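If you want the building blocks of each chain, they are given just below.
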Amino acid sequence: MATQRKIVVLEDNRYTGALISAILEKEGYHVLHALERRYAIGLVLRDRPSLLISDVLVPDMNGSKVVKEIR
């Protein structure tokens, strides 16, 4: 059995995050949803996902800065 690929979704809007998660889960991905930068970074460092999808405008930091912080 193949291992499910993990994706972290950083999206501060719960409904948009749920929609993105539902679409990805339907395609067989394991989705971890974060509403804030600090949680997304924690999930990335802990779970080592294949992909991070980040909203550009999150309340506590610019989404592109989150990617730079993780790098």
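Relevant structure appears above.
All figures in this text were calculated on a predicted structure; none of them were measured in a lab.

1. Quick notes on the overall build of the protein
Along the protein, the regular secondary structure elements total three helices and five strands. Put simply, the protein runs from its N terminus to its C terminus through helices and strands in the order β-α-β-α-β-β-β-α. Of all 71 residues assigned to the protein, the portion counted as buried reaches 28%. Pairs at least 24 residues apart make up 61% of the contacts formed inside the protein by residues separated by at least 6 positions. Per element, the accessible surface of the protein, about 5,100 Å² overall, is 53% carbon and sulfur.

2. Quick look at the nonpolar core
Counting residues in hydrophobic clusters, the biggest one holds nine residues: Val8, Leu10, Leu32, Ala34, Ala40, Ile41, Leu43, Val44 and Val66. Looking at this core, the elements with two or more residues in it are β1 (6-10), β2 (30-34) and α2 (37-47). Counting residues per element, this core draws most heavily on α2, at four residues.

3. Digging into the side chain of Asp47
If you trace the backbone, Asp47 turns up in helix α2. Accessibility expressed as a relative area gives 17% for Asp47, which makes it buried. Among the polar contacts listed, one links the side chain of Asp47 to the side chain of Arg46, at a separation of 2.7 Å.

4. What about the sheet that holds β1?
If you trace the three strands from one edge of the open sheet to the other, you get β2-β1-β3, paired in parallel fashion. A strand with exactly one partner marks an edge of an open sheet, and here the two such strands are β2 and β3 (51-54). The sheet shows a mean angle of 20° between the axes of neighbouring strands, direction not considered. Alignment of β1 against β3, held across four bridges, turns out to be parallel. Along β3, the bridge assignment pairs Val9 with Ile53. Contacting β1, β2 and β3, helix α1 (residues 14-26) runs over the sheet at an angle of about 170° to β2.

Rules and cut-offs
- Residues numbered from 1 in each chain as written.
- Predicted model: local features only at pLDDT ≥ 70, side-chain atom pairs only at ≥ 80, totals over all residues.
- Heavy atoms only, no water.
- Helix = DSSP H or I, 4+ residues; strand = E, 2+ residues; numbered from the N terminus.
- Buried < 20%, exposed > 50% of the residue type's maximum accessible area, 1.4 Å probe, protein only.
- Contact = heavy atoms within 4.5 Å.
- Areas by Shrake-Rupley, 256 points an atom, 1.4 Å probe, with all protein chains shown as cover.
- Core = buried A, V, L, I, M, F, W, Y, C linked by side-chain atoms within 4.5 Å.
- Polar contact = N/O pair within 3.5 Å; in protein donor to acceptor, adjacent residues only side chain to side chain.
- Pairing = 2+ DSSP bridges.
- Axes fitted to C-alpha atoms, helices over the stretch in contact; angles between N-to-C directions.

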